[in-house]
Amino acid sequence: MAEVYPSDNELLNLSSEGETGVEYIETGKAPYYLEFRKLLYRLLEATKRANDLRVFDAGGLKIGVKAGKYWDGLSLCEYAGVSEVSLADDKEHIYVYLDGNGNLVTTEYSDWPVSSVSHIRLAEVVTSGGDVSSITDARGGHMWFMPGGVEKGRKTVVPVSLANLRAVSGNNIPGAASGGGLLCTDTSPGLEFIDGDTDSCLRLSWAAGSQNAVVFQVPLGADIDSSGSVEIHLRGASAGTTNAAGWDADCYFDEGNAKVEESAVQAAASSSYEELVISISSDDVPDGARTLTVELTPQGHTTEAMYLTAVWVAYTRS
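Below: a short report on this structure.

Criteria and cut-off values
Residues numbered from 1 in each chain as written. Predicted model: local features only at pLDDT ≥ 70, side-chain atom pairs only at ≥ 80, totals over all residues. Heavy atoms only, no water. Helix = DSSP H or I, 4+ residues; strand = E, 2+ residues; numbered from the N terminus. Rg over C-alpha atoms; globule rule 2.2 N^0.38 Å. Buried < 20%, exposed > 50% of the residue type's maximum accessible area, 1.4 Å probe, protein only. Contact = heavy atoms within 4.5 Å. Areas by Shrake-Rupley, 256 points an atom, 1.4 Å probe, with all protein chains shown as cover. Core = buried A, V, L, I, M, F, W, Y, C linked by side-chain atoms within 4.5 Å. Salt bridge = Lys/Arg side-chain N within 4 Å of Asp/Glu carboxyl O. Pairing = 2+ DSSP bridges. Axes fitted to C-alpha atoms, helices over the stretch in contact; angles between N-to-C directions. Phe/Tyr/Trp six-rings, centres within 6.5 Å; stacked < 30°, edge-to-face > 60°. Lys NZ or Arg CZ within 6 Å of the ring centre and 35° of its normal.

Counting secondary structure elements, the chain contains two helices and 20 strands. At 29 Å, the chain has a C-alpha radius of gyration far larger than the 20 Å of a compact globule built from 318 residues. Projecting the C-alpha coordinates of the chain onto the three principal axes gives extents of approximately 95 × 50 × 40 Å. Taking all 318 residues of the chain together, 35% fall into the buried category. Within the chain, residue pairs in contact and separated by at least 24 positions form 63% of the contacts whose partners lie at least 6 positions apart. Working note: accessible area of the chain is about 18200 Å², and carbon and sulfur atoms make up 49% of it.

This paragraph deals with the nonpolar core. Counting residues in each nonpolar core, the largest one holds 37 residues, and the members touching the most others are Phe-216, Ile-232, Leu-292 and Leu-296. Tallying contributions element by element places strand β20 (residues 306-316) first for this core, with five residues. If near-sequence neighbours (up to four positions away) are discounted, Leu-296 is found in contact with Asn-212, Ala-213, Val-214, Phe-216, Leu-234, Trp-247, Asp-248, Ala-249, Ile-278 and Leu-308. Ranked by size, the runner-up nonpolar core spans 16 residues in total, among them Leu-53, Tyr-79, Leu-122 and Val-132.

What follows deals with the pattern of salt bridges. Under the counting rule described, the total for this entry stands at ten salt bridges. With a shortest N-O distance of 3.9 Å, Arg-42 and Glu-23 are connected by a salt bridge. With Arg-42 in helix α2 (residues 32-47) and Glu-23 in the loop between α1 (8-13) and α2, this residue pair connects regions lying 19 residues apart in the sequence. On the basis of relative accessibility, which here comes to 35%, the residue Arg-42 falls in the partly exposed class. For Glu-23, a relative accessible area of 43% puts it in the partly exposed group. With a closest N to O distance of 2.8 Å, Glu-192 and Arg-203 form a salt bridge. Highlighted residues: Glu-192 in strand β12 (residues 190-195) and Arg-203 in strand β13 (residues 199-206), separated in sequence by eleven residues. Of the residues examined, Arg-203 reaches a relative accessible area of 11% and is grouped as buried.

Attention now goes to the sheet that holds strand β6 (residues 94-99). Strands belonging to one sheet form pairs held by backbone hydrogen bonds; the direction of such a pair is parallel or antiparallel. Taking strand neighbours across the sheet as the criterion, the four strands line up as β7-β6-β8-β9 in an open arrangement whose pairing is antiparallel. The two strands at the open ends of the sheet, each matched to only one other strand, are β7 (104-108) and β9 (131-137). Taken pair by pair, the neighbouring strands of this sheet meet at an average axis angle of 30°, ignoring direction. Sheet topology places strand β8 (residues 119-128) next to β9; six bridges connect them, and they run antiparallel. Its bridge partner being in β9, Ser-128 is matched across the sheet by Asp-131.

The geometry of an aromatic ring pair is captured by two quantities: the separation of the ring centres and the angle between the planes. Across all of its chains, the model carries three aromatic pairs by this definition. These aromatic residues form a ring-pair network of at least three members: Tyr-95, Tyr-97 and Trp-112. The lysine or arginine in question, Lys-66, covers the ring of Phe-56, its NZ or CZ lying 4.7 Å from the ring centre. The ring of Tyr-109 carries the charged tip of Lys-91 above its face, separated from the ring centre by 4.3 Å.

The strand order across the open sheet formed by three strands is β1-β2-β5, and the pairing between neighbours is antiparallel. Single-partner strands in this sheet number two, and they are β1 (55-57) and β5 (82-86). Neighbour to neighbour, the strand axes of the sheet diverge by 35° on average, direction disregarded.

Bringing the pairing of strand β14 (residues 214-219) into the picture now. The sheet contact formed by strand β11 (residues 166-167) and β14 spans two bridges and is antiparallel. Its bridge partner lying in β14, Ala-167 is registered against Val-214. Looking at chain direction, β14 and strand β19 (residues 291-298) are connected through six bridges and run antiparallel. When the bridges of β19 are listed, Phe-216 appears paired with Val-294.

In structure tokens:
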């Protein structure tokens, strides 16, 4: 059934629309062209956001995309827009979208990416005979989104406090007489401020040549997808430019599973802190894993100290 308008009398007596502020032109109001421009002005102001990321026909086999903003997880992103992009001819479906890196994709002809893959759907385009035949807006699936919501396929981050790491000695945690493996300024590695009161960021510091291991354990949520990788993120640096900062990781899921050995190292030795990622393949992630224990051992650094300021674990949600 078609949508019904108000009666003619009601329409003629409307003066303005309260929610948008758009005013109706009164009967006999002059000059009419000025009143009409006022109406257009208010309409455009009220509908401006509906223009975000709109795909439009740019003539021939070309489309354009208007600038706009969108959410990627908890990050608000902005797309600058593009005036002309050439499409392939004689395609029954061209799925136009922004990928997880904010790049415009116009070469997908089979289907949209699966929902677990980050993307923003823009439009479905049909081309024929050297022209754009139709553009079907697909932005409706992204108009309303709660940034704090849990999305399948995205990463859950589990923070690890440096103060909770323990020293390892003789393939175990040291006994009470040795402080139970607690770290402080005179242990190896040492837990310290970077530079007293001027830079009180905590870090672990391994003296040149020291390869003493540390260990931590984190819980893994019931939402873990074992078909995805698990990542251990380290923020580290070398004291100079001779020995690259790097760590070997012995990883253990739950109880009784085989040890997984992975590592990460700076591409080039640098005293600038950078994020290193140790990736555990999905093949090594047991179904239903609930804990991850990680033993970190510095790689060889005979000349310079090695520093670690942050650790966190990321896994894929189911």
